[in-house]
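# Residue-level structure breakdown
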Amino acid sequence: MWWFVVPRTVFGDDAIEHLQNEKAERVLIVTDKVLSEMGYLEEVKKNLKAEKIDVFDEVEPEPSIETALKCAKVARELDAQLIIALGGGSVMDVAKMTRILMELDVDPEFITPFTDLYELGFQKKAKLIAIPTTSGTGADATWAMVLTDTKEKRKVLPANREAIPDITILDYRFVEKLPPKLVAGTGMDALTHAIEGALAPWRNDFSDAMCEKAIEIILENLERSYNGDKEARAKMHHAATMAGMGFGNSQVGPVHSLGHAFGAYFKVHHGICVAVYLPYVLQFYLNDEGSKAMMDYLARRAGLESGEAMVERIIDLMGKINIPTKVSEIVGEKEYFDAIEEILNHAINDACIITSPRSPDMEQTRKLLEYAFYGKKVDF
(Lines give C-alpha, C1' and ligand atoms only; values in the text may rest on other atoms or scores of the structure.)
Protein backbone atom coordinates (compact mmCIF):
# COMPACT_ATOMS: atom_id res chain seq x y z
CA MET A 1 0.00 0.00 0.00
CA TRP A 2 1.27 3.46 -0.95
CA TRP A 3 0.31 6.95 0.15
CA PHE A 4 0.38 10.06 -2.02
CA VAL A 5 -0.18 12.93 0.38
CA VAL A 6 -0.26 16.54 -0.78
CA PRO A 7 -1.86 19.76 0.48
CA ARG A 8 -4.76 21.51 -1.18
CA THR A 9 -3.14 24.03 -3.51
CA VAL A 10 -4.38 27.56 -4.20
CA PHE A 11 -2.58 29.35 -7.03
CA GLY A 12 -3.03 32.09 -9.59
CA ASP A 13 -3.82 35.80 -9.37
CA ASP A 14 -4.82 37.01 -5.91
CA ALA A 15 -4.32 33.57 -4.37
CA ILE A 16 -3.58 35.19 -1.00
CA GLU A 17 -7.22 36.27 -0.77
CA HIS A 18 -8.10 32.66 0.05
CA LEU A 19 -7.24 33.59 3.65
CA GLN A 20 -10.48 35.56 3.80
CA ASN A 21 -12.30 32.22 3.89
CA GLU A 22 -10.56 31.11 7.10
CA LYS A 23 -12.67 31.35 10.24
CA ALA A 24 -10.03 30.83 12.95
CA GLU A 25 -10.15 33.29 15.84
CA ARG A 26 -6.59 32.71 17.08
CA VAL A 27 -3.83 32.72 14.47
CA LEU A 28 -0.06 32.34 14.78
CA ILE A 29 2.01 33.58 11.85
CA VAL A 30 5.47 31.99 11.71
CA THR A 31 8.02 33.96 9.71
CA ASP A 32 11.47 35.59 9.94
CA LYS A 33 12.72 39.11 10.66
CA VAL A 34 13.38 39.99 7.01
CA LEU A 35 9.92 39.05 5.77
CA SER A 36 8.39 40.74 8.78
CA GLU A 37 9.90 44.01 7.54
CA MET A 38 9.09 43.58 3.82
CA GLY A 39 5.34 44.21 3.87
CA TYR A 40 4.38 40.59 3.22
CA LEU A 41 3.29 40.14 6.82
CA GLU A 42 0.81 43.01 6.54
CA GLU A 43 -0.51 41.54 3.29
CA VAL A 44 -1.31 38.32 5.15
CA LYS A 45 -2.82 40.09 8.16
CA LYS A 46 -5.18 42.23 6.12
CA ASN A 47 -6.75 39.11 4.60
CA LEU A 48 -7.42 37.51 7.99
CA LYS A 49 -10.57 37.99 10.04
CA ALA A 50 -9.14 36.60 13.28
CA GLU A 51 -9.65 38.31 16.63
CA LYS A 52 -6.11 37.58 17.80
CA ILE A 53 -3.03 37.33 15.59
CA ASP A 54 0.38 36.60 17.11
CA VAL A 55 3.62 36.65 15.15
CA PHE A 56 6.71 34.50 15.74
CA ASP A 57 9.45 36.02 13.57
CA GLU A 58 12.55 34.45 15.12
CA VAL A 59 13.16 31.72 12.54
CA GLU A 60 16.76 31.73 11.38
CA PRO A 61 18.35 30.11 8.31
CA GLU A 62 18.99 26.40 8.94
CA PRO A 63 16.70 26.63 12.01
CA SER A 64 17.64 24.97 15.26
CA ILE A 65 15.66 22.50 17.33
CA GLU A 66 15.55 25.18 20.04
CA THR A 67 13.78 27.59 17.69
CA ALA A 68 11.09 25.02 16.93
CA LEU A 69 10.57 24.37 20.64
CA LYS A 70 10.31 28.11 21.32
CA CYS A 71 7.76 28.60 18.54
CA ALA A 72 5.72 25.64 19.80
CA LYS A 73 5.57 27.25 23.25
CA VAL A 74 4.14 30.42 21.70
CA ALA A 75 1.54 28.39 19.77
CA ARG A 76 0.59 26.46 22.91
CA GLU A 77 0.13 29.62 24.98
CA LEU A 78 -2.01 31.14 22.22
CA ASP A 79 -3.93 27.89 21.77
CA ALA A 80 -3.63 28.55 18.04
CA GLN A 81 -6.42 27.37 15.78
CA LEU A 82 -4.52 28.31 12.62
CA ILE A 83 -0.78 28.41 11.99
CA ILE A 84 0.41 30.27 8.90
CA ALA A 85 3.95 29.66 7.65
CA LEU A 86 5.08 32.72 5.70
CA GLY A 87 8.56 32.27 4.29
CA GLY A 88 11.02 29.81 2.83
CA GLY A 89 11.87 26.27 3.81
CA SER A 90 13.25 27.17 7.23
CA VAL A 91 10.00 28.86 8.23
CA MET A 92 7.94 25.99 6.82
CA ASP A 93 9.92 23.40 8.76
CA VAL A 94 9.57 25.28 12.04
CA ALA A 95 5.83 25.79 11.50
CA LYS A 96 5.27 22.13 10.65
CA MET A 97 7.12 21.04 13.77
CA THR A 98 5.27 23.65 15.81
CA ARG A 99 1.90 22.15 14.95
CA ILE A 100 3.05 18.84 16.44
CA LEU A 101 5.03 20.13 19.42
CA MET A 102 2.31 22.51 20.58
CA GLU A 103 0.39 19.34 21.50
CA LEU A 104 3.08 16.74 22.19
CA ASP A 105 6.07 16.92 24.52
CA VAL A 106 8.38 14.74 22.45
CA ASP A 107 11.92 14.91 21.11
CA PRO A 108 11.69 16.08 17.46
CA GLU A 109 14.05 13.27 16.44
CA PHE A 110 11.51 10.79 17.79
CA ILE A 111 9.07 11.81 15.05
CA THR A 112 9.40 9.48 12.06
CA PRO A 113 7.15 8.48 9.17
CA PHE A 114 6.19 5.44 11.26
CA THR A 115 5.28 7.32 14.45
CA ASP A 116 1.54 7.25 15.18
CA LEU A 117 1.15 10.71 16.67
CA TYR A 118 -2.51 10.07 17.51
CA GLU A 119 -1.50 7.26 19.84
CA LEU A 120 0.58 9.85 21.71
CA GLY A 121 -2.42 12.17 22.07
CA PHE A 122 -2.09 14.35 18.97
CA GLN A 123 -5.42 15.85 17.87
CA LYS A 124 -4.30 18.24 15.10
CA LYS A 125 -5.88 21.17 16.90
CA ALA A 126 -4.37 23.74 14.53
CA LYS A 127 -4.86 24.02 10.80
CA LEU A 128 -1.63 24.73 8.91
CA ILE A 129 -1.39 26.95 5.84
CA ALA A 130 1.89 27.47 3.97
CA ILE A 131 2.65 30.60 1.97
CA PRO A 132 6.09 30.09 0.37
CA THR A 133 8.12 33.20 -0.40
CA THR A 134 10.85 31.35 -2.26
CA SER A 135 10.62 28.90 -5.13
CA GLY A 136 12.72 25.92 -4.22
CA THR A 137 12.35 24.07 -0.98
CA GLY A 138 9.00 22.43 -1.68
CA ALA A 139 8.58 22.37 2.10
CA ASP A 140 5.01 23.60 1.69
CA ALA A 141 4.14 20.18 0.25
CA THR A 142 6.27 17.68 2.16
CA TRP A 143 6.22 15.56 5.31
CA ALA A 144 9.81 16.39 6.23
CA MET A 145 11.12 18.97 8.69
CA VAL A 146 14.83 19.79 8.53
CA LEU A 147 16.22 21.17 11.79
CA THR A 148 19.76 21.71 13.05
CA ASP A 149 21.33 20.21 16.14
CA THR A 150 23.60 23.16 16.90
CA LYS A 151 25.64 21.29 19.50
CA GLU A 152 26.68 18.50 17.15
CA LYS A 153 26.62 20.59 13.95
CA ARG A 154 24.31 18.17 12.17
CA LYS A 155 20.91 18.15 10.54
CA VAL A 156 18.05 16.13 12.00
CA LEU A 157 15.28 15.01 9.65
CA PRO A 158 12.02 14.23 11.45
CA ALA A 159 9.12 13.43 9.13
CA ASN A 160 5.48 12.46 9.43
CA ARG A 161 2.35 12.65 7.30
CA GLU A 162 0.67 14.83 9.92
CA ALA A 163 3.29 17.54 9.38
CA ILE A 164 2.17 18.29 5.85
CA PRO A 165 0.31 21.62 5.51
CA ASP A 166 -3.43 21.48 4.89
CA ILE A 167 -3.21 24.22 2.27
CA THR A 168 -0.39 25.82 0.30
CA ILE A 169 -0.97 29.23 -1.25
CA LEU A 170 1.15 29.97 -4.32
CA ASP A 171 0.87 33.70 -4.96
CA TYR A 172 3.67 34.65 -7.35
CA ARG A 173 3.65 38.26 -6.06
CA PHE A 174 5.43 36.95 -2.97
CA VAL A 175 8.44 35.97 -5.10
CA GLU A 176 8.48 38.86 -7.56
CA LYS A 177 11.19 40.70 -5.62
CA LEU A 178 13.45 37.74 -4.91
CA PRO A 179 17.10 38.69 -5.48
CA PRO A 180 18.80 36.75 -8.30
CA LYS A 181 21.12 34.91 -5.90
CA LEU A 182 18.14 33.50 -4.00
CA VAL A 183 16.31 32.67 -7.25
CA ALA A 184 19.36 30.66 -8.30
CA GLY A 185 19.89 28.82 -5.01
CA THR A 186 16.25 27.92 -4.42
CA GLY A 187 15.78 27.02 -8.07
CA MET A 188 18.64 24.53 -7.94
CA ASP A 189 17.17 23.11 -4.75
CA ALA A 190 13.91 22.49 -6.61
CA LEU A 191 15.75 20.88 -9.53
CA THR A 192 17.65 18.60 -7.15
CA HIS A 193 14.39 17.60 -5.43
CA ALA A 194 12.79 16.74 -8.74
CA ILE A 195 15.75 14.73 -10.05
CA GLU A 196 16.37 12.81 -6.83
CA GLY A 197 12.65 12.22 -6.38
CA ALA A 198 12.42 10.77 -9.88
CA LEU A 199 15.37 8.42 -9.25
CA ALA A 200 14.42 7.28 -5.74
CA PRO A 201 13.62 3.59 -5.15
CA TRP A 202 10.27 4.57 -3.59
CA ARG A 203 9.15 6.59 -6.61
CA ASN A 204 5.71 5.80 -8.04
CA ASP A 205 3.49 6.86 -10.91
CA PHE A 206 2.16 9.89 -9.03
CA SER A 207 5.54 11.14 -7.79
CA ASP A 208 7.07 10.56 -11.24
CA ALA A 209 4.40 12.73 -12.84
CA MET A 210 5.23 15.63 -10.52
CA CYS A 211 9.01 15.23 -10.62
CA GLU A 212 9.32 14.81 -14.37
CA LYS A 213 7.12 17.81 -15.12
CA ALA A 214 8.98 19.89 -12.54
CA ILE A 215 12.33 19.06 -14.20
CA GLU A 216 10.96 20.17 -17.56
CA ILE A 217 9.59 23.46 -16.18
CA ILE A 218 12.76 24.26 -14.21
CA LEU A 219 15.17 23.61 -17.07
CA GLU A 220 13.03 25.85 -19.29
CA ASN A 221 12.47 28.67 -16.80
CA LEU A 222 15.18 28.94 -14.13
CA GLU A 223 17.62 31.03 -16.16
CA ARG A 224 14.79 33.29 -17.35
CA SER A 225 13.51 33.67 -13.80
CA TYR A 226 17.05 34.52 -12.65
CA ASN A 227 17.13 37.27 -15.28
CA GLY A 228 13.86 38.76 -14.01
CA ASP A 229 11.19 37.30 -16.31
CA LYS A 230 7.93 37.47 -14.32
CA GLU A 231 6.18 34.68 -16.21
CA ALA A 232 9.16 32.38 -15.68
CA ARG A 233 9.23 33.29 -12.01
CA ALA A 234 5.58 32.25 -11.62
CA LYS A 235 6.34 28.97 -13.41
CA MET A 236 9.25 28.33 -11.05
CA HIS A 237 6.97 28.95 -8.07
CA HIS A 238 4.63 26.21 -9.29
CA ALA A 239 7.50 23.86 -10.19
CA ALA A 240 9.04 24.10 -6.72
CA THR A 241 5.83 22.90 -5.08
CA MET A 242 5.37 20.21 -7.75
CA ALA A 243 8.87 18.95 -7.00
CA GLY A 244 7.98 18.98 -3.31
CA MET A 245 4.86 16.92 -3.96
CA GLY A 246 6.99 14.52 -5.98
CA PHE A 247 9.99 13.93 -3.75
CA GLY A 248 7.83 14.22 -0.65
CA ASN A 249 6.16 11.01 -1.76
CA SER A 250 9.30 9.22 -2.97
CA GLN A 251 12.48 10.57 -1.32
CA VAL A 252 15.69 12.45 -2.01
CA GLY A 253 19.11 10.81 -2.06
CA PRO A 254 22.87 11.23 -1.61
CA VAL A 255 22.96 14.77 -3.02
CA HIS A 256 20.94 15.81 -0.01
CA SER A 257 23.03 13.72 2.37
CA LEU A 258 26.16 15.53 1.23
CA GLY A 259 24.39 18.89 1.15
CA HIS A 260 22.94 18.46 4.63
CA ALA A 261 26.31 17.56 6.12
CA PHE A 262 28.21 20.33 4.33
CA GLY A 263 25.58 22.98 5.05
CA ALA A 264 25.26 22.14 8.74
CA TYR A 265 29.02 22.48 9.20
CA PHE A 266 29.75 25.56 7.08
CA LYS A 267 26.39 27.38 7.39
CA VAL A 268 25.99 27.67 3.61
CA HIS A 269 22.56 28.13 1.98
CA HIS A 270 20.93 24.74 1.43
CA GLY A 271 20.25 25.34 -2.26
CA ILE A 272 23.94 26.04 -2.91
CA CYS A 273 24.93 22.97 -0.88
CA VAL A 274 22.86 20.52 -2.89
CA ALA A 275 23.59 22.22 -6.20
CA VAL A 276 27.35 21.93 -5.85
CA TYR A 277 27.18 18.16 -5.25
CA LEU A 278 24.45 17.39 -7.80
CA PRO A 279 26.62 16.93 -10.95
CA TYR A 280 29.06 14.64 -9.15
CA VAL A 281 26.42 12.32 -7.72
CA LEU A 282 24.77 12.13 -11.15
CA GLN A 283 28.13 11.28 -12.72
CA PHE A 284 28.48 8.56 -10.06
CA TYR A 285 25.16 7.12 -11.26
CA LEU A 286 26.29 7.20 -14.88
CA ASN A 287 29.12 4.81 -14.01
CA ASP A 288 26.62 2.10 -13.04
CA GLU A 289 24.68 0.34 -15.80
CA GLY A 290 21.31 0.18 -14.05
CA SER A 291 21.50 3.73 -12.73
CA LYS A 292 22.62 5.01 -16.14
CA ALA A 293 19.52 3.51 -17.74
CA MET A 294 17.37 5.42 -15.30
CA MET A 295 19.32 8.63 -15.95
CA ASP A 296 18.97 8.20 -19.71
CA TYR A 297 15.22 7.70 -19.38
CA LEU A 298 14.85 10.77 -17.18
CA ALA A 299 16.93 12.84 -19.59
CA ARG A 300 14.74 11.83 -22.54
CA ARG A 301 11.64 12.81 -20.58
CA ALA A 302 13.22 16.25 -20.19
CA GLY A 303 13.95 16.49 -23.92
CA LEU A 304 17.65 15.63 -23.68
CA GLU A 305 19.53 12.85 -25.47
CA SER A 306 21.14 11.06 -22.53
CA GLY A 307 22.08 11.16 -18.88
CA GLU A 308 25.43 12.64 -19.86
CA ALA A 309 23.63 15.41 -21.74
CA MET A 310 21.52 16.12 -18.66
CA VAL A 311 24.62 16.55 -16.47
CA GLU A 312 26.15 18.86 -19.08
CA ARG A 313 22.90 20.86 -19.24
CA ILE A 314 22.87 21.24 -15.45
CA ILE A 315 26.50 22.38 -15.27
CA ASP A 316 25.86 24.87 -18.07
CA LEU A 317 22.77 26.18 -16.27
CA MET A 318 24.70 26.54 -13.01
CA GLY A 319 27.29 28.67 -14.79
CA LYS A 320 24.62 30.94 -16.29
CA ILE A 321 23.01 31.62 -12.90
CA ASN A 322 26.31 31.99 -11.01
CA ILE A 323 26.06 28.83 -8.92
CA PRO A 324 29.42 27.32 -7.86
CA THR A 325 30.22 24.15 -9.78
CA LYS A 326 32.84 22.96 -7.31
CA VAL A 327 33.20 23.23 -3.55
CA SER A 328 36.53 25.07 -3.78
CA GLU A 329 34.54 28.10 -4.97
CA ILE A 330 32.77 28.15 -1.59
CA VAL A 331 35.35 27.24 1.07
CA GLY A 332 39.12 26.94 1.26
CA GLU A 333 41.04 23.70 0.90
CA LYS A 334 42.40 23.53 4.45
CA GLU A 335 39.12 24.28 6.22
CA TYR A 336 37.27 21.80 4.02
CA PHE A 337 39.67 18.91 4.46
CA ASP A 338 40.07 19.65 8.17
CA ALA A 339 36.32 19.08 8.43
CA ILE A 340 35.95 16.30 5.89
CA GLU A 341 35.84 13.42 8.39
CA GLU A 342 33.03 15.06 10.32
CA ILE A 343 31.14 15.90 7.12
CA LEU A 344 31.67 12.34 5.87
CA ASN A 345 30.36 10.78 9.07
CA HIS A 346 27.24 12.93 9.07
CA ALA A 347 26.64 12.28 5.36
CA ILE A 348 27.03 8.51 5.62
CA ASN A 349 24.61 8.44 8.58
CA ASP A 350 22.03 10.63 6.84
CA ALA A 351 18.94 8.58 5.96
CA CYS A 352 18.96 9.94 2.39
CA ILE A 353 22.25 8.24 1.54
CA ILE A 354 20.49 4.93 0.74
CA THR A 355 17.45 6.20 -1.17
CA SER A 356 19.01 6.27 -4.58
CA PRO A 357 19.55 3.99 -7.59
CA ARG A 358 23.18 3.55 -6.49
CA SER A 359 24.09 4.14 -2.84
CA PRO A 360 27.71 5.12 -2.21
CA ASP A 361 29.63 3.32 0.52
CA MET A 362 31.97 5.08 2.94
CA GLU A 363 34.95 5.20 0.59
CA GLN A 364 32.86 6.26 -2.41
CA THR A 365 31.25 9.02 -0.33
CA ARG A 366 34.69 10.26 0.70
CA LYS A 367 35.75 10.34 -2.96
CA LEU A 368 32.58 12.21 -3.94
CA LEU A 369 33.43 14.86 -1.34
CA GLU A 370 36.97 15.11 -2.71
CA TYR A 371 35.99 15.14 -6.40
CA ALA A 372 33.35 17.81 -5.78
CA PHE A 373 35.92 20.04 -4.10
CA TYR A 374 38.32 19.96 -7.03
CA GLY A 375 35.67 19.76 -9.77
CA LYS A 376 36.95 16.41 -11.07
CA LYS A 377 34.70 14.27 -13.25
CA VAL A 378 33.63 11.22 -11.28
CA ASP A 379 35.21 8.07 -12.74
CA PHE A 380 34.12 5.41 -10.24
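Described in the following lines is the structure provided in the data block. (Residues numbered from 1 in each chain as written. Predicted model: local features only at pLDDT ≥ 70, side-chain atom pairs only at ≥ 80, totals over all residues. Heavy atoms only, no water.)

One turn of the α-helix equals 3.6 residues, which is why residues spaced by three or four share an orientation. For helix α4 (residues 89–101), built from 13 residues, the straight-helix expectation of 18 Å at 1.5 Å per residue is met to within 8% by its first-to-last C-alpha distance of 18 Å. Counting buried positions along α4 gives 12 out of 13 residues, so the element sits mostly inside the fold. Listed in full, the buried residues belonging to α4 are G89, V91, M92, D93, V94, A95, K96, M97, T98, R99, I100 and L101. Its buried side turned inward, α4 meets β2 (26–30), α3 (65–78), β4 (82–87), β5 (127–132) and β6 (147–149). (Helix = DSSP H or I, 4+ residues; strand = E, 2+ residues; numbered from the N terminus. Expected span 1.5 Å × (residues − 1). Buried < 20%, exposed > 50% of the residue type's maximum accessible area, 1.4 Å probe, protein only. Contact = heavy atoms within 4.5 Å.)

Here the focus is the packing of helix α9 (residues 270–286) against helix α13 (residues 362–374). In contact at an axis separation of 10 Å, α9 and α13 are set at 130 degrees when each is read in the N-to-C sense. Classified by the angle between their axes, α9 and α13 sit oblique to one another. Once α9 is placed against α13, the crossing between them reads as right-handed. Contacts between α9 and α13 involve V276, Y277, Y280, V281 and F284 on the former and, on the latter, Q364, L368, L369, Y371 and A372. (Axes fitted to C-alpha atoms, helices over the stretch in contact; angles between N-to-C directions. Parallel < 35°, antiparallel > 145°, perpendicular 65-115°, else oblique. Left-handed = near helix turned anticlockwise from the far one by under 90°.)

Take the packing of aromatic side chains next. Following the criterion strictly, the structure yields 15 aromatic pairs and no others. Seen in terms of ring centroids, F337 and Y374 are 5.8 Å apart; in terms of plane orientation they differ by 25 degrees. Their pairing is stacked. One end of the pair, F337, is in helix α12 (residues 333–348); the other, Y374, is in helix α13, and 37 residues separate them in sequence. Taken together through their ring pairs, the aromatic side chains of F262, Y265, F266, Y277, Y336, F337, F373 and Y374 make up a single cluster. A cation over a ring is seen here: R358 above F284, with NZ or CZ 3.8 Å from the ring centre. It is K376 that lies over the ring of Y371; its NZ or CZ is 4.3 Å from the centre. (Phe/Tyr/Trp six-rings, centres within 6.5 Å; stacked < 30°, edge-to-face > 60°. Lys NZ or Arg CZ within 6 Å of the ring centre and 35° of its normal.)

This part is about the side chain of T168. Checked against the element boundaries, T168 lands in strand β8 (residues 167–170). On the basis of relative accessibility, which here comes to 0%, the residue T168 falls in the buried class. Setting aside residues up to four positions removed in sequence, T168 forms contacts with P7, R8, T9, V10, A130, P132, D140 and T241.

Taken together, the six strands give an open sheet; going across it, the order is β1-β8-β5-β4-β2-β3, and neighbouring strands pair in parallel fashion. Looking at strand neighbours, the two that pair on one side only are β1 (8–11) and β3 (52–56), the edges of this open sheet. Taking each pair of neighbouring strands and ignoring which way they run, the sheet shows an average axis angle of 20 degrees. Strand contacts of helix α7 (residues 230–247): β1, β5 and β8, with the helix running at about 155 degrees to β8, the strand carrying the most contacts. (Pairing = 2+ DSSP bridges.)

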